Amino acid sequence: MKKKLLAGLLLSTALVACACGSKVPGETVTEPAAEEADKDWTEEVKADESTEEIADTSAEAEPETEENQDTEETQEAEPEETTEAEENTADDPAGDIEKSPMALWAYEGYVDECREYYWVSDFVDQDYDGDGTTDRVNRTYHEEDQKADYVIEFGNGNKLEIDGVWETGFPHIQMDDLNGDGEKDLLFTLSYDTSTDPLAFGNMLIYEYDSAAKSYNQAQLPFDKSEDEEVGGCALLVDFEAPTDNGDIAFQVKKTGYSGTVQAGSDYVSSFWTNDAASENRNVYEASIEDHNGQKAVHCNMELLHKLGAVINFYLVYENGEYVIKDMGSDDELIQGEMKDMSATDPVAPAAPSETPKTGGHVVVIDPGHQAKGMSEKEPNGPGSSEMKAKVTSGTSGKTSGLAEYQLTLTIGLKLRDELQNRGYTVIMTRETHDVSLSNVDRAQIANNAGAEAFIRIHANGADDTSVNGAMTLCQTPSNPYNAAFYPQSRKLSDCVLDAYVAATGFKKRSVWETDTMTGINWANVPSTIIEMGYMSNPTDDANMANEAMQQQMVIGIANGIDNYFAQ
């Protein structure tokens, strides 16, 4: 991205804001004739930048015209050579102490005319959409609420208005096809461009181009809405555990399922940490369009803790009609955890119990749904019911992975058994192999006979519409004719499992479906839930559920939900 800023410039150079360009509040600038506009304003900026001293913009200075531009000083230098030199020195803050990035703070007008702005040359003669015409950026500052409006004027007549964004960030504009429709979309960022700055935050917006309407529409991004409006809308919520004695802090990035440990150190904790545990919105401070697995995506950097400088990164990828977070990772030596493949250690559960159950504690029965061969014979939908349903089916299969549902559910079931046993639970499996002949009634009876305190039935979903995705849980209704007395516990179990599961995996949360159509629930005289882990008909859900690292996150999420259920 851009060059890194010196943190000390943030306040010391703010006072030069009024020294920008020829277009400041209350001042009028005459535009060149229409057919010569692009040529004239570009040459004017380059000629002015080629002088040894920045042009005086005080009230006594006369506006430049084509006549008085031809001074002896500007004639002595070749325009091409001096422009190149100016661009080089603009990259180096030490090259001209009169110029500052903070000069843009209260500026109003075209950014390419803000002569005191370090990176003015980055906005001169730009063609962002690549159509061969020159595009310009205009900025208006609102002092009363410290916001700024940006207008991007494209050479082909299109215009994008961005209203009310945080005023002190430094703007960057990038364009490429992000959603695969063949049109160039726009990534607009405002940032400080430094991870070590204690104020490292930014704002990021994506606008998708609608060729039919010849307009840009703001895209919905998968970020948490920050309570602090000043930091914008590109934040992720991070849960932090209390620091250890040596300054290690465990954390979980919500919406992604990633968890790890940052080695902040005892000095950092004693100087900056004030809570036993905390949840904070952490902002993307830097973003760029890059290639990712054969398509264009937005690569994002996010500072994990104020003043520590530890950075994590991830991609925003357009899939199935929405932007999703992918491949979160970190090269920072302070951060421990395999974030890229989502195989980190146990995440921080937002409502985890203070103590895990002891050995010989709560009894949990796990039912991996389906089996290798279905049983088409009929059995009652509930005790005494005249409605008859097939005893069991073989389930669905993965659209991308080709994995059978009965294979996936057993894989997750066995991993969940091991995880729960490690946490001290007594676990009973309805099956541990594919070659069984167990009806839904048989499975419920296993749970009943075991005196299960929680009956966890593991399934995966399917739909004709391949865009449908996400996780859900199921339980009986309050008026179930067979076991309504267990509704309050089953509903609570369903809520706990679903909430913890989506927190750990990042899967879309659908709902708890209350239904009396499930034979395995109707015959269960214990608290029960079915978790539909995701849609095997959806390519993204299917690929994720087949991924071994994600499977561990799925198991952790279900186990955390069971912990939370018993904690309540």
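In the block above lies the structure referred to throughout.
The structure presented is a predicted model; accordingly, all values stated were derived computationally and were not measured. Residue indices begin from 1 for each chain and proceed along its sequence in written order. Only residues with pLDDT of at least 70 are given local features in this predicted model, and only at 80 or more are side-chain atom pairs given and counted; all residues enter the totals for whole chains, interfaces and linings. Derived side-chain values reflect all non-hydrogen atoms in the structure, with water molecules and hydrogen atoms excluded from consideration.

Trainee: Just to check I follow, could you spell out the sheet that holds strand 20 (residues 426-429) for this structure?
Mentor: The strands making up a sheet associate through hydrogen bonds between their backbones, and the pairing can be parallel or antiparallel. The strand order across the open sheet built from 6 strands is 20-17-21-24-22-23, with neighbouring strands paired in mixed fashion. Both edges of this open sheet fall to strand 20 and strand 23 (509-514), since each of them pairs with a single strand only. Across the sheet, the axes of successive neighbouring strands diverge by a mean angle of 20 degrees, strand direction being ignored. Pairing geometry for strand 22 (residues 471-475) and strand 23, over 4 bridges, is parallel. Within strand 23, the residue paired with T473 across the bridge is V512. Every residue pair with non-hydrogen atoms within 4.5 Å of one another is taken to be in contact. Lines fitted to the C-alpha atoms define the axes, with helices restricted to the stretch that makes contact. Angles between their N-to-C directions range from 0 to 180 degrees. The way it works is that DSSP assigns letters per residue, a run of H or I at least four long becomes a helix, a run of E at least two long becomes a strand, and they are numbered from the N terminus. Along the sheet, helix 10 (residues 539-546) contacts strand 21 (454-461) and strand 24 (528-535); its crossing angle with strand 24, the most-contacted strand, is approximately 110 degrees. Think of it this way: DSSP has to see at least two bridges between two strands before they count as a pair.

Trainee: Please clarify how the pattern of salt bridges should be interpreted in this entry.
Mentor: Pairing between side chains of opposite charge can happen when their charged atoms approach one another. The salt bridge definition used is simple: a Lys or Arg side-chain nitrogen within 4 Å of an Asp or Glu carboxyl oxygen. Applying the stated criterion to the full structure yields 15 salt bridges. Across the salt bridge formed by D176 and K296, the nearest N and O atoms sit 3.9 Å from each other. Residue D176 is found in strand 5 (residues 170-176), and its partner K296 is found in strand 13 (residues 295-303); the two are separated by 120 residues along the sequence. Between D367 and R443 there is a salt bridge whose closest N-O contact spans 2.8 Å. Separated by 76 residues along the polypeptide, D367 in strand 17 (residues 363-368) and R443 in helix 7 (residues 440-450) bring together distant segments of the chain. The rule is simple: take the accessible area with a 1.4 Å probe, protein chains only, and divide by the maximum for that residue type; under 20% is buried, over 50% is exposed, in between is partly exposed. The exposure class of D367 is buried, given its relative accessible area of 0%. Bridged by salt links that share partners, the residues D112, E113 and R136 form one connected network.

Trainee: How do you make sense of unusual backbone geometry when you look at a structure like this?
Mentor: Most of the time, phi is negative for any residue but glycine, and the peptide bond is trans. If you check the backbone angles, D125 has positive phi at about 55 degrees while not being a glycine. When you line up the elements, D125 lands in the loop between strand 1 (109-110) and strand 2 (136-142). D125 gets classed as partly exposed once you look at its relative accessible area, which sits at 44%. Unusually for a residue other than glycine, H370 sits at a positive phi of about 70 degrees.

Trainee: Sorry, what's going on with the packing of aromatic side chains here?
Mentor: The geometry of an aromatic ring pair comes down to the distance between the two centres and the angle between the two planes. Here the aromatic set is Phe, Tyr and Trp, taking the six-membered ring for Trp, and pairing holds for ring centres within 6.5 Å; pairs whose planes are under 30 degrees apart are stacked, those over 60 apart are edge-to-face, and all others are tilted. Counted according to the given criterion, the structure contains 13 aromatic pairs. Where F240 meets F251, the ring centres are 6.5 Å apart and the plane angle is 45 degrees; that geometry is what we call tilted. Of this pair, F240 sits in strand 9 (residues 235-240) while F251 is found in strand 10 (residues 248-253), placing the two residues 11 residues apart along the sequence. The residues F240 and F251 share a single accessibility class, namely buried. Taken together, a centroid distance of 4.9 Å and an interplanar angle of 70 degrees make the contact between Y318 and Y323 edge-to-face. On the basis of relative accessibility, which here comes to 22%, the residue Y318 falls in the partly exposed class. Taken together, the aromatic side chains of Y117, Y118, W119, F123 and F170 make up a single cluster linked through ring pairs. Its end group placed over the ring of Y110, R136 keeps NZ or CZ at 3.8 Å from the ring centre. By definition, being over a ring means that NZ of Lys or CZ of Arg is both within 6 Å of the ring centre and within 35 degrees of the ring normal.

Trainee: Mind showing me how you'd approach the sheet that holds strand 14 (residues 311-319) here?
Mentor: Spatially, 15-14-13-12-9-10-11-16 is the arrangement adopted by the 8 strands of the open sheet, whose pairing is antiparallel. Looking along the sheet, the strands with just one partner apiece sit at the ends: strand 15 (322-329) and strand 16 (335-336). Across 6 bridges, strand 9 lies against strand 12 (residues 278-292) in antiparallel orientation. The residue of strand 12 that forms the bridge with V238 is E280.

Trainee: What exactly am I supposed to notice about the nonpolar core here?
Mentor: The nonpolar side chains of a soluble globular protein tend to be buried with one another. Grouped together as the largest cluster of nonpolar side chains are 38 residues, with contacts concentrated most on M204 and F314. For this core, the element with the highest residue contribution is strand 12, accounting for 4 residues. Filtering out sequence-adjacent residues up to four positions away, F314 remains in contact with F223, L236, V284, V298, H299, C300, M302, I325, K326, D327 and M328. Of all hydrophobic cores here, the second largest spans 35 residues; its members include I458, V502, M550 and I558. Put simply, buried Ala, Val, Leu, Ile, Met, Phe, Trp, Tyr and Cys residues joined by side-chain atoms within 4.5 Å make one nonpolar core.

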